[in-house]
Structure formats: C-alpha cells, structure tokens
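Read off the chains here:
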Amino acid sequence: YVVDGNQNQVMKVTRGGKITRVAEIPGHLVSTGITFRPAGGPFFVSTFGAFPFAPADGRVFEVGQDSGVKEEVRGVSMLTDIEFAPSGRLYVLQFDEQPSAPGPIPFALFTGKVLEFNDDGSLTPIVTGFNFATSMTFDGDTLYVVNNGVSLLAPGEVWQIKNFSTITPPVAPTAVPAQAPAPT
C-alpha cells in the first residue's frame, strides 16, 4: 500500500504491478506517509499540505478499506511520515514548522519533531531539533530518522534514537556516524 501525494490517494500495488485505488484523501494536502498496525486494521496517512504549508493542512487521517477516510489530527504543519512503534503507539514525523514571521524560506529551521499520537487526538513532541526530516522507521526499540532530507544546509543524515520506549520527552537525537565503513 502506498500514498500518492500528487493525487492524494491510498493505492494497493501488487507484486505483479497492478494498481488499484483504495481511498482518496480530501483536498490538496499532499499525502506523505502511510502505516498500519502489524495486527491489521485501518491505515493511517500523514499530510504535508500545499504551499505555504499552513498548520491546518498538516493532518493525520485514518483510512479503512470499508469505512472510508476519517480525520484524526489537524493543526501541525509539514508532516512527512507516520509509523507504529513496536509498543503499538503511533508516531508522526514533522519536516519543520512554519516560521513565525515571513522569511526567505517557508520553514523554521531545526524545528522538526517526532510526535506521539495520543488517545485524545493530540500530538506530544517526543524528539525535537530535526531539520528537513523526511522519513523514519523502527527497528525494534530503535528509531531511525532521515534528517536534512532536502540538503540545503548540509548533507543528509540518519539519526538513531536507541531505547525509544524509555526516553523522557522531549529529547535531542544522537547522530549515527556520517561515514559508513567501506564495503568489503
């Protein structure tokens, strides 16, 4: 299952290449991430929003194959990914925030975050200080986040947050070494 950010659709793609539409996300919100509980259930989709990236356009939708599309969260701009942790908790990645005053770029640098999706539909910052954060994935209780995914200021990085379930928010991430060992 994938999201199409241009047409705002959730689609099923088979290994044979057949593509079918499962649902459409309303409006022009630029769908960016998709996940579902490993035990099954609905999908959850994050949205970035169209320029100028108003906070109202950063949303999380629940998408059921039979129940349709339901908005779960609104009001956090520039969401780029969404993932379930092994604990079953849902987390959303924020690219950066919108600046408080207009400037040369439509982003407030170093304001990206990993946000926890709470039962009441609110979001709590867990890890802060990212810049142009574009993707995240869990490997057990370690979270990896792609930082500087749009390399305007520095090369792209992968940040590692070990023992994710035990951290006390908010924390600043620890970088994984930029240079990997040479392949043998």
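Before reading further, recall that the structure is shown in the block above.
Attention here is on the structure that accompanies the text. In this text the structure is predicted, and so the values were computed from the model without any measurement.

1. Quick look at a nonpolar patch on the surface
Judged by side-chain polarity, Val2, Val13 and Ile19 come together as a nonpolar surface patch covering roughly 230 Å² of accessible area. By the element assignment, isoleucine 19 lies in strand β3 (residues 19–24).

2. A short note on the sheet that holds strand β9 (residues 90–94)
The sheet built from four strands is open, its strands ordered β8-β9-β10-β11 with antiparallel pairing. This sheet does not close on itself; its edge strands, each paired only once, are β8 (79–84) and β11 (123–130). Looking at each pair of strands side by side, their axes are set apart by 20° on average, direction ignored. The sheet contact formed by strand β10 (residues 112–117) and β11 spans six bridges and is antiparallel. Bridge pairing in β11 places glycine 112 opposite phenylalanine 130.

3. Some remarks on the packing of aromatic side chains
The description of two aromatic rings rests on the distance between their centres and on the angle between their planes. The tally for this structure, following the rule as stated, stands at 11 aromatic pairs. Taking 6.2 Å as the distance between ring centres and 90° as the angle between the ring planes, the aromatic pair formed by phenylalanine 130 and tryptophan 159 counts as edge-to-face. Of this pair, phenylalanine 130 sits in strand β11 while tryptophan 159 is found in strand β14 (residues 157–161), placing the two residues 29 residues apart along the sequence. With centroids separated by 5.3 Å and ring planes inclined at 75°, the aromatic side chains of phenylalanine 138 and phenylalanine 164 adopt a geometry described as edge-to-face. Of this pair, phenylalanine 138 sits in strand β12 (residues 135–139) while phenylalanine 164 sits in the loop between β14 and β15 (174–175), and the two are 26 residues apart along the sequence. Here phenylalanine 138 matches phenylalanine 164 in class, with each residue buried.

4. With respect to the pattern of salt bridges
Inspection of every chain in the model, using the stated rule, returns eight salt bridges. Of the charged contacts in the structure, one is a salt bridge between glutamate 24 and arginine 21, with a shortest N-O distance of 3.3 Å. Several salt bridges converge on common partners, so that one network encompasses Asp57, Arg59, Glu71 and Arg74.

5. Description of the sheet that holds strand β4 (residues 31–36)
On the basis of which strands lie adjacent, the open sheet formed by four strands has the order β4-β5-β6-β7 and antiparallel pairing. Every interior strand has two partners, whereas the edge strands, β4 and β7 (68–74), have only one. Pairs of neighbouring strands in the sheet enclose a mean axial angle of 25°, with direction left out of account. Here β4 pairs with strand β5 (residues 43–47) via five bridges, running antiparallel. Across the sheet, residue phenylalanine 36 finds its bridge partner in β5, namely phenylalanine 43.

6. With respect to the nonpolar core
Core analysis: the biggest nonpolar cluster contains 15 residues, and Tyr91, Val114, Phe130, Leu143, Val145 and Phe164 have the highest contact counts within it. Elements represented by at least two residues in this core include exactly β9, β11, β12, β13 (142–147) and β14. No other element matches the three residues that β11 contributes to this core. Among the nonpolar cores identified, the runner-up in size contains 12 residues, and Val60, Leu79, Phe84 and Val92 belong to it.

The rules behind the values
Residues numbered from 1 in each chain as written. Predicted model: local features only at pLDDT ≥ 70, side-chain atom pairs only at ≥ 80, totals over all residues. Heavy atoms only, no water. Patch = residues over 30% accessible without salt bridge, like charges linked within 9 Å, V, L, I, M, F, W, Y side chains within 5 Å. Areas by Shrake-Rupley, 256 points an atom, 1.4 Å probe, with all protein chains shown as cover. Salt bridge = Lys/Arg side-chain N within 4 Å of Asp/Glu carboxyl O. Helix = DSSP H or I, 4+ residues; strand = E, 2+ residues; numbered from the N terminus. Pairing = 2+ DSSP bridges. Axes fitted to C-alpha atoms, helices over the stretch in contact; angles between N-to-C directions. Phe/Tyr/Trp six-rings, centres within 6.5 Å; stacked < 30°, edge-to-face > 60°. Buried < 20%, exposed > 50% of the residue type's maximum accessible area, 1.4 Å probe, protein only. Core = buried A, V, L, I, M, F, W, Y, C linked by side-chain atoms within 4.5 Å.

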